[in-house]
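# Working through the structure, step by step
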Amino acid sequence: MAAILGENCSGQYHYSQATQPLEMSCMLLLIMFGKVTLDFFMLQVKQKNVKVSFMGYFCVSLALLDFALLMSIFFIFCFEDFALWGVRFTKYHICLFTQIISLTYGVLHYPVYLVASLDYYMTIAQTSHFPKSGTRLLYVFAVVVIWISGFSCILKVPAVFDELEIQNNFSPYQCPLYTSVQSYSVSCAVVLLTGAALLACRREVITMLLSVRVVSFASQPVLMFSDVPYNNGTCFKRQLLTRLLICFLGTWAPFVLLQIIVSFLGPRIPAYMEMNVPWLYFINSFLIAVAYWCRCHDVEVTEETWSTDPFVSWQFCFVPFNSENTEPADKPGTVTVIC
């Protein structure tokens, strides 16, 4: 099956010889329940006043699809053997549905990140000149097209069902595992790019970290970093990269550490678990930082510009904050605040 998928869907999967008993469907139910809970928790705790984006709509669609899979597994697990609309459902369909979802999730990493990158590159430096209703319809259309394309890529391969039928006939209590090459490659790319940026700006990062102070701003604790502005274009981009790194790692450092561990250990994580809302928001922040850095000279200093990321505040990377309560001796130049 791996060879067939490699020919039809660009070799996005590795087939794991290790199989799990289908009787562990209870464990699968618990895993999906935990994933759905985490998905909706992230959607709930994110900032609400955020500008609409393709990634935001895709995260909502992913959470809904995970919930639909959870409900399907739950009903099949509870009733075990029943007929609906002339179709008989058994525990075998738990494996079937999970594998279809896994295969579909695995082929969507590249297209989703590509569309999100283009979206931010074209919209990050400007305020809305296009009607919001039209923008929302465009994002919904893009999300629907991507999901249809993903499922079509998988469902057009008859060998997917033939292979699962064969395995079910030989051993009805086993279910194959699949991992996505796309997810692993994206994780490695993010780790390498972040590490390269840290290496290039190591002196600036260390200097800013040594000047960190905890202050109160708008009734919330924030971190204040002393920084000196540069007028030179090259120095400005280098300084901006330092600020972006501190903002990004200040929020997602544990996730970056997790990606480093995953990259080195290389565990086979099922594709239905690899694509989740926290992971998408992590990639979302990374793509926004890249877009800010690439189009730094075109960014318009408006409130709408900063309401792009649901979890990271990028405002003070471009608009340094000067606290009136800060002593003059404590300010060598500009003060940058990272919330």
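All of the points below concern the structure found in this document. (Residues numbered from 1 in each chain as written. Predicted model: local features only at pLDDT ≥ 70, side-chain atom pairs only at ≥ 80, totals over all residues. Heavy atoms only, no water.)

### Some details on the packing of aromatic side chains
Applying the stated criterion across every chain yields a total of 16 aromatic pairs. Consider the rings of tyrosine 105 and tryptophan 147, whose centres lie 5.8 Å apart with planes at 55 degrees: the pair is tilted. Placement of the pair is tyrosine 105 in helix α4 (residues 92-106) and tryptophan 147 in helix α6 (residues 132-155), with a sequence separation of 42 residues. Here tyrosine 105 and tryptophan 147 have matching classes, each one buried. (Phe/Tyr/Trp six-rings, centres within 6.5 Å; stacked < 30°, edge-to-face > 60°. Helix = DSSP H or I, 4+ residues; strand = E, 2+ residues; numbered from the N terminus. Buried < 20%, exposed > 50% of the residue type's maximum accessible area, 1.4 Å probe, protein only.)

### Comments concerning the pattern of salt bridges
Two side chains with opposite charge may pair up if their charged atoms get near one another. Applying the stated criterion to the full structure yields one salt bridge. We note a salt bridge from aspartate 66 to lysine 35, for which the minimum N-O separation is 3.2 Å. Within this pair, whereas aspartate 66 is found in helix α3 (residues 54-79), its partner lysine 35 is found in helix α2 (residues 25-45), the two being separated by 31 residues in sequence. Take aspartate 66 and lysine 35: they sit in the same class, and that class is buried. (Salt bridge = Lys/Arg side-chain N within 4 Å of Asp/Glu carboxyl O.)

### Observations concerning the environment of tryptophan 147
The buried category is assigned to tryptophan 147, whose relative accessible area is 9%. Counting along the chain gives 43 residues from tryptophan 147 to threonine 104, while the straight-line C-alpha distance between them is 8.2 Å. Setting aside residues no more than four positions away along its own chain, tryptophan 147 makes contact with Phe58, Ser61, Leu62, Leu65, Thr104, Tyr105 and Leu108. (Contact = heavy atoms within 4.5 Å.)

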